[in-house]
Amino acid sequence: MNRSQEREQAFIILFESIFHPESSVEELFSLAAESEFFTETKFSRSLVEKTVEHAPEIDTEIETHAVDWSISRITKVSLAILRLAICEILYFEDIPVSVSINEAVELAKKYAEKKDSSFINGVLGTIAREQE
């Protein structure tokens, strides 16, 4: 399984966590493991755990940089993708920011509405410029 696929697996767990905020990371991975379409990896688990651990800081970044958008107005798919990518940008120094942004846009193209990929790209681009 390559990094893009592992990232997609992490996205699926994070998307599910939006609908089940009371569930622990362990519970979410256990439920996903019951599916024949899911394979847990060290990277996917690390992404999910770190995203959940830093959720308040990540959501603050989203609220700060998604101009005129509150968390509640962002689609659940876009929110999960943004959380994942921002986690990578802020907490995974070994992953180039451009890769995190590109992977997030690709996930949006696959799972979100057409306009969402532009929105995600804009928010992440703003965060990336600020990080430089």
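See the structure printed just above.
Structural notes, computed from the coordinates. (Residues numbered from 1 in each chain as written. Predicted model: local features only at pLDDT ≥ 70, side-chain atom pairs only at ≥ 80, totals over all residues. Heavy atoms only, no water.)

## Notes on the overall build of the chain
In step 1: Regarding its fold elements, the chain presents seven helices and zero strands.
In step 2: Going from the N terminus to the C terminus, the chain shows its helices and strands as α-α-α-α-α-α-α.
In step 3: The C-alpha atoms of the chain give 14 Å as radius of gyration, which agrees with the globular expectation for 132 residues (14 Å, within 12%).
In step 4: Taken along the three principal axes of its C-alpha coordinates, the chain extends 40 × 30 × 30 Å. (Helix = DSSP H or I, 4+ residues; strand = E, 2+ residues; numbered from the N terminus. Rg over C-alpha atoms; globule rule 2.2 N^0.38 Å.)

## Things to note about the packing of aromatic side chains
Two aromatic rings, taken as a pair, are described by how far apart their centres are and by the angle between their planes.
In step 1: One pass over the structure, following the stated rule, counts five aromatic pairs.
In step 2: The interplanar angle of 50° and the centroid separation of 5.2 Å between the aromatic rings of Trp 69 and Phe 119 together place this pair among those described as tilted. Highlighted residues: Trp 69 in the loop between α4 (55-65) and α5 (76-91) and Phe 119 in helix α7 (residues 114-131), separated in sequence by 50 residues.
In step 3: Relative accessible area serves as the criterion here: at 33%, Trp 69 is assigned to the partly exposed category.
In step 4: Here the aromatic residues Phe 11, Phe 15, Phe 19 and Tyr 111 are joined through ring pairs into a cluster of three or more.
In step 5: Its end group placed over the ring of Phe 29, Arg 45 keeps NZ or CZ at 4.3 Å from the ring centre. (Phe/Tyr/Trp six-rings, centres within 6.5 Å; stacked < 30°, edge-to-face > 60°. Buried < 20%, exposed > 50% of the residue type's maximum accessible area, 1.4 Å probe, protein only. Lys NZ or Arg CZ within 6 Å of the ring centre and 35° of its normal.)

## Some details on the nonpolar core
The tendency in soluble globular proteins is for nonpolar side chains to be buried as a group.
In step 1: Residues Ile 62, Ile 81, Leu 82, Ile 120 and Leu 124 are the most contacted members of the largest nonpolar core, which totals 42 residues.
In step 2: If one sorts the elements of this core by residue count, α5 sits on top with 10 residues. (Core = buried A, V, L, I, M, F, W, Y, C linked by side-chain atoms within 4.5 Å.)

## Topic: unusual backbone geometry
In step 1: Although it is not a glycine, Asp 68 adopts a positive phi angle of roughly 65°.
In step 2: With respect to the element layout, Asp 68 can be found in the loop between α4 and α5.

## As for the pattern of salt bridges
In step 1: A full pass over the atoms with the stated rule returns 11 salt bridges.
In step 2: Taking the shortest distance from any N to any O, the salt bridge between Asp 59 and Arg 83 comes out at 2.8 Å. Of the two residues, Asp 59 sits in helix α4 while Arg 83 sits in helix α5, which places them 24 residues apart along the sequence.
In step 3: You can call Asp 59 buried: its relative accessible area is 18%.
In step 4: The shortest N-O distance in the salt bridge between Glu 106 and Lys 109 comes to 3.6 Å. (Salt bridge = Lys/Arg side-chain N within 4 Å of Asp/Glu carboxyl O.)

## A word on helix α1 (residues 3-19)
In step 1: Between its first and last C-alpha, α1 extends 25 Å over 17 residues, near the 24 Å set by a 1.5 Å rise per residue.
In step 2: Lining the buried residues of α1 we find α2 (25-33), α3 (42-53), α5 and α6 (97-111). (Expected span 1.5 Å × (residues − 1). Contact = heavy atoms within 4.5 Å.)

## A word on α5
Helical geometry: 3.6 residues make up each α-helical turn, so side chains three or four residues apart lie on a common side.
In step 1: The end-to-end C-alpha distance of α5, which contains 16 residues, comes to 22 Å, matching closely the 22 Å that a straight helix rising 1.5 Å per residue would cover.
In step 2: Within α5, 13 of the 16 residues are buried, leaving the element largely enclosed by the surrounding structure.

## A closer look at the packing of α5 against α7
In step 1: Axis separation between α5 and α7 bottoms out at 11 Å; the angle between their running directions is 20°. Between α5 and α7, the angle is such that the two are roughly parallel. Relative to α7, α5 is oriented so that their crossing is right-handed. Contact with α5, carried on its side by Ser 78, Ile 81, Leu 82, Ala 85, Ile 86, Ile 89 and Leu 90, involves Asp 116, Phe 119, Ile 120, Val 123, Leu 124, Ile 127 and Gln 131 of α7 and no other residues of that element. (Axes fitted to C-alpha atoms, helices over the stretch in contact; angles between N-to-C directions. Parallel < 35°, antiparallel > 145°, perpendicular 65-115°, else oblique. Left-handed = near helix turned anticlockwise from the far one by under 90°.)

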